[in-house]
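# Structure assessment
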Amino acid sequence: MVKSTVILGSTGSIGRQSAAVCERLGIRVPAVAANRNVGLLLKQVETFKPEYVSAADPGANRELREALSGRDITVGPPGEEGLRAAAAWPGADCVVTAVSGAVGLRPTLDAIDAGRRIALANKETLVCAGEIVMRRAAEKGAEIVPVDSEHSAIFQCLSGRGGELRKILLTGSGGPFRGWTREQTAHVTPEQAVKHPNWSMGAKISVDSATMMNKGLEFIEAMRLFGAAPEDIEVLIHPESVVHSAVELVDGTVIAQLGVPDMALPIQYALTYPERKPGAGERLDLTRLAGLTFLKPDFGKLPCLALAISCAKRGGNAPAVLSAANEAAVGLFLRGKLGYNQIYESVERAVSGIGFIERPSLEDILASDREARTLVEESYS
Ligand code: NDP
Ligand code: MG
């Protein structure tokens, strides 16, 4: 079990839940970093007495610096540098990567270079540069323990059984608009899209869950984490969100991980692994389940999922383009600048319009990421 951890994105949905787990288990938090929520960062400074804190937004960074002047704490610089300094902060065993989006990529690599365990929530990093990240982690001996509930489930089901895997069964609830037609989703508002039936999450991942792009990103995340080929992963719609995912082994045995839908569980496991500690949340009562349903996805109605799987198969820079275009499109949707169905349309345009690179370097990935964002943003400005 880790004794101390940095939290990147400490004020977000996963960040706050990670902070609560650390407080409960007595895990030291020597550094926290976020974007602009100065009020919560200051509360976390009082709770954890960290050695380092940073806010990426320049105005928030100034406010934080003023509020903490004269105190014995390092206030990091704004922008990516502040996150990167937190990621490599000396003396921590682990870094929880709970920022949203590709901004997590370089800090994650820094934490790997520093030999930390990565409790990985920030899936966009693995989607855009998973091969580079996993290779670097293997070279540096840095453990990557997934926080995403499906991947935590697969990780738990697989422990010690790597070579016996036949298939990963990646479950997803189907989101709030399961079964809706394209005509029905045309007028979906940001307020409707961020309300998930089973999970309470940050805005971006909530929209991704509604479009099912999230399951597509998770498909790629699973390939990278577990070295699986696209044909080794099957997506199953499971509206109850009780089976967080499963694996089928070579002899036909299926091992699943079940639990209430509460991110505190996979967060805690990423921090206590390989140990288990008592949990604080609600417990699963199997006798109260009305049933468990598993359906094959209707890819015709889930264009974002189908597009993500085609990018997963294409490889190269395609997942990076997909993820960056999606981040830009979801940002515009949340600001009321484009319609719900246009999220898919703009991501598709970026995927088909941006040049394919078969073996991208980190620089190629960052350039493809910028190109994809610009292409989407310029179409709607
Ligand atoms: P939120 O939007 O709730 O939180 C994002 C966090 O990152 C906030 O602390 C935010 O700071 C910070 N942040 C955003 N941009 C920057 C930046 N440029 N520099 C520094 N900090 C920044 O996201 P979630 O917690 O929902 O998701 C985080 C990650 O975890 C995502 O990759 C998501 O896919 C993944 N995940 C989330 C799950 C969930 O249940 N929420 C489940 C599985 C995976 P501020 O608050 O100051 O703006
Ligand atoms: Mg998930």
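See the structure above.
As a starting point, this report considers the structure included with it. (Residues numbered from 1 in each chain as written. Chains lettered and ligands numbered in written order. Predicted model: local features only at pLDDT ≥ 70, side-chain atom pairs only at ≥ 80, totals over all residues. Heavy atoms only, no water.)

This part is about the sheet that holds strand β4 (residues 74–75). Taken together, the seven strands give an open sheet; going across it, the order is β4-β3-β2-β1-β5-β6-β7, and neighbouring strands pair in parallel fashion. Each end of this open sheet is capped by a strand with a single partner; those strands are β4 and β7 (144–146). Bridge analysis of strand β2 (residues 31–34) against strand β3 (residues 52–55) gives four bridges, and the strand direction is parallel. By the bridge assignment for β3, Ala31 is matched with Tyr52. On the sheet, helix α4 (residues 80–87) packs against β1 (5–8), β2, β3 and β5 (94–97) and is oriented at approximately 155 degrees with respect to β3. (Pairing = 2+ DSSP bridges. Helix = DSSP H or I, 4+ residues; strand = E, 2+ residues; numbered from the N terminus. Contact = heavy atoms within 4.5 Å. Axes fitted to C-alpha atoms, helices over the stretch in contact; angles between N-to-C directions.)

The subject of this paragraph is unusual backbone geometry. Put simply, Tyr273 and Pro274 share a cis peptide bond, and its omega is 5 degrees. Mapped onto the fold, Pro274 is located in the loop between α12 (264–272) and α13 (303–314). One non-glycine residue, Met212, lies in positive phi territory at about 70 degrees. Its location among the elements puts Met212 in the loop between α10 (203–211) and α11 (213–226). Here the phi dihedral of Ser241 falls at roughly 50 degrees; this positive angle occurs in a residue that is not glycine. When you line up the elements, Ser241 lands in the loop between β9 (233–237) and β10 (243–249).

Here the focus is the environment of Ile267. Inspection of the secondary structure assignment puts Ile267 in helix α12. What makes Ile267 buried here is its relative accessible area of 1%. As for Ile267 and Ser100, which are separated by 167 residues in sequence, their C-alpha atoms are 16 Å apart. (Buried < 20%, exposed > 50% of the residue type's maximum accessible area, 1.4 Å probe, protein only.)

Turning our attention to the pattern of salt bridges. Here the structure, examined in full by the defined rule, presents 20 salt bridges. Across the pair Glu51 and Arg28 runs a salt bridge whose closest N-O atoms are separated by 3.2 Å. Remark: Arg28 occurs in the loop between α1 (13–25) and β2 and Glu51 occurs in the loop between α2 (38–48) and β3; sequence separation between them is 23 residues. The partly exposed category is assigned to Glu51, whose relative accessible area is 35%. Classification of Arg28 as partly exposed rests on a relative accessible area of 40%. Here Glu345 and Arg182 are joined by a salt bridge, their closest N and O atoms 2.6 Å apart. In this pair, Glu345 sits in helix α15 (residues 340–353) while Arg182 sits in helix α8 (residues 182–185), placing the two residues 163 residues apart along the sequence. A residue is classified by how much of its surface remains accessible, and Glu345, at 27% relative accessible area, is partly exposed. Overall, Arg182 belongs to the partly exposed group, its relative accessible area being 44%. Beyond isolated ion pairs, a larger network of salt bridges with shared partners links Lys123, Asp148, Glu150, Lys215 and Glu218. (Salt bridge = Lys/Arg side-chain N within 4 Å of Asp/Glu carboxyl O.)

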